[in-house]
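Descriptive analysis of the structure
Single-letter residue listing:
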Amino acid sequence: MRIKVGVIFGGESVEHEVSIITAVQAMNKINQEKYQIVPIYITKEGEWYTGDMLLDVESYQDLGLIKKYASNVVLYRKDNQFVLQSKGFFRKVITDIDVAFPITHGTNVEDGVLQGYLQTVGIPYVGPNVYAGVVGQDKVYMRDIFKANDISIPNYTWFYDSDYKDDAASVIKKIEKLNYPVIVKPATTGSSIGIGTAKDKKELEKAIDEAINYDSKIIVEEMVPNLMEVNISVLGNHSSQEVSVIEEVLSTHNFLTFEEKYVGSSKVKGKLGAKLAPRKGSKGMASASRKIPADLTDKMKEEVEDLAVRVFKALGSSGVARIDMLVDKKAKKVYVNEINSIPGSLAFYLWDKKGKDYTTLLDEMISIAIKDYKVRTSKVHTFDNNILQGFASSNGLKGMKGKLK
């Protein structure tokens, strides 16, 4: 009997469409002899849908058709099964799943929110847990943890949009204790959305105004000189880690932009096993310009690999993560930029170059999720004794009236 894998994607995030690209890629590569794929699409309004039409990337060109022909469902636990039940007056179980596979990016789905729901339901799920999801999405929390673990990062500061609106001069003054040029980022978005650079105060104010459109928390950090961007992926969990090859990111800008990552002309796979005709589309991060392997000395290669594992373990990550690093080529110093706990394209292109194809990578991710679930459920989370029984002798709630006022 095949394991039913519920692939969850979409969601209320500015990276909604990027998630669809990554999920369709993955669903095309999951071993269908071993796994039965159950697509679960979350709309931008937070509604959950399932149905075979969601396997076809063409379906997302008209979301009205999805709402009309796919099943609007909720996921919950029923009789020790994890079921997708239809909503409305005539409710019925559409299907059940054994493992959830979130392939989501950004706020409200990658940041621990979805993971918290899945953990509450009790289902095994692939990827980071709640804690790793939170710190992997929030660049401020992330850097604070890096700093506490002596992981090399650029100098930074941060602020809330309300701080800036109340006293922009003070915020600017704090930022200018850093050295220009700086890079300004929304703290909890990904895919380079809302990011800008500044070499003076005028450009800084413009970059802040743009970043505030996407987040209430903004981080500003010094740009690394003589910059070379490199990325590496880690597969595993807290007890075991494996590293991929290292890529050098080639960009015409100061950082890899959203357009360079996801916009371009390419062939996009449609329904499982079928290819669409060439048209405007994207292969996601797999289509970005890169050099593999990166042009690094053996010593720097070892440093990048060591840093990647340290980052992965420090944040308690699981599944596949991509760690982005910044190299000062002249000083030969490596800084950690950030971790992507559910990376675009699941970083399969970094593993493919190491001899691990996408199907094998996905299989290993699911296996890790099942192992994590077994470990998690083996721990003590509840006690048999009920401390509330002691309140029965105090006239129940009547005895608590004075304390409840």
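Details of the structure are given in the entry above.
Read on for an overview of the structure. Everything numeric here is computed off the predicted structure, so don't read it as measured data.

Moving on to the pairing of strand E11 (residues 217-222). Here E11 lies mainly inside the structure; six of its six residues are buried. Burial along E11 is two-sided: the face carrying Lys217, Ile219 and Glu221 and the face carrying Ile218, Val220 and Glu222 are both buried. Both strand E9 (residues 182-186) and E11 contribute to a ladder of five bridges, which runs antiparallel. Within E11, the residue paired with Val182 across the bridge is Glu222.

This part takes up the nonpolar core. Val7, Phe9, Phe101, Leu346, Leu361 and Met365 are the most contacted members of the largest nonpolar core, which has 40 residues in total. A total of seven residues in this core trace back to one element, the largest contributor, which is helix H12 (residues 358-378). Not counting chain neighbours up to four residues away, the residues in contact with Phe101 comprise Val5, Gly6, Val7, Ile8, Val126, Leu346, Leu362, Met365 and Ile366. Counting residues in each nonpolar core, the second largest holds 31 residues, with Met142, Ile151, Val234 and Phe312 among its members.

Okay, the side chain of Glu338 next. Among the structural elements, Glu338 can be located in strand E18 (residues 333-340). Nearest to the buried, unbridged Glu338 among oppositely charged side chains is Lys139, at 4.1 Å. Beyond its immediate chain neighbours, meaning those up to four positions away, Glu338 contacts Lys139, Met142, Lys185, Arg322, Ile323 and Asp324.

What follows is about the packing of aromatic side chains. One pass over the structure, following the stated rule, counts nine aromatic pairs. Between Phe9 and Tyr60, the ring centres sit 6.0 Å apart and the planes meet at 70 degrees, which makes this aromatic pair edge-to-face. Here the residue Phe9 occupies a position in strand E1 (residues 3-10), and Tyr60 occupies one in the loop between strand E3 (48-50) and helix H2 (63-69), the gap between them amounting to 51 residues. Classification of Phe9 as buried rests on a relative accessible area of 0%. When the centroid spacing of 4.9 Å and the interplanar angle of 85 degrees are considered together, the rings of Phe89 and Phe90 count as edge-to-face.

The subject of this paragraph is H12. Between its first and last C-alpha, H12 extends 31 Å over 21 residues, near the 30 Å set by a 1.5 Å rise per residue. If you check the start of H12, you find a side-chain oxygen 3.2 Å away from the backbone N of Thr359, and it comes from Asp357.

Here the amide bond leading from Tyr180 into Pro181 is cis, since omega sits at 0 degrees, within 30 degrees of zero. Within the secondary structure, Pro181 sits in the loop between helix H7 (168-175) and E9. Cis rather than trans, the peptide bond between Ile292 and Pro293 has omega equal to -5 degrees. Along the polypeptide, Pro293 turns up in the loop between strand E16 (290-291) and helix H10 (298-314). Positive phi is not limited to glycine here, since Ala347 has a value of about 55 degrees. Within the element layout of this structure, Ala347 appears in the loop between E18 and helix H11 (348-352).

The interhelical angle for the contact between helix H1 (residues 16-29) and H12, taken along N-to-C directions, is 95 degrees, at an axis separation of 9 Å. For the element pair H1 / H12, the angle class is roughly perpendicular. Between H1 and H12, the residues in contact are Thr22, Gln25, Ala26 and Lys29 and Tyr358, Thr359 and Leu362, respectively. Its residues assigned to classes, the contact of H1 with H12 comprises three nonpolar, three polar and one charged.

Definitions and limits used
Residues numbered from 1 in each chain as written. Predicted model: local features only at pLDDT ≥ 70, side-chain atom pairs only at ≥ 80, totals over all residues. Heavy atoms only, no water. Buried < 20%, exposed > 50% of the residue type's maximum accessible area, 1.4 Å probe, protein only. Helix = DSSP H or I, 4+ residues; strand = E, 2+ residues; numbered from the N terminus. Pairing = 2+ DSSP bridges. Core = buried A, V, L, I, M, F, W, Y, C linked by side-chain atoms within 4.5 Å. Contact = heavy atoms within 4.5 Å. Lys, Arg positive; Asp, Glu negative; His and termini not counted. Salt bridge = Lys/Arg side-chain N within 4 Å of Asp/Glu carboxyl O. Phe/Tyr/Trp six-rings, centres within 6.5 Å; stacked < 30°, edge-to-face > 60°. Expected span 1.5 Å × (residues − 1). Polar contact = N/O pair within 3.5 Å; in protein donor to acceptor, adjacent residues only side chain to side chain. Axes fitted to C-alpha atoms, helices over the stretch in contact; angles between N-to-C directions. Parallel < 35°, antiparallel > 145°, perpendicular 65-115°, else oblique. Nonpolar A, V, L, I, M, F, W, Y, C, P; charged D, E, K, R; others polar.

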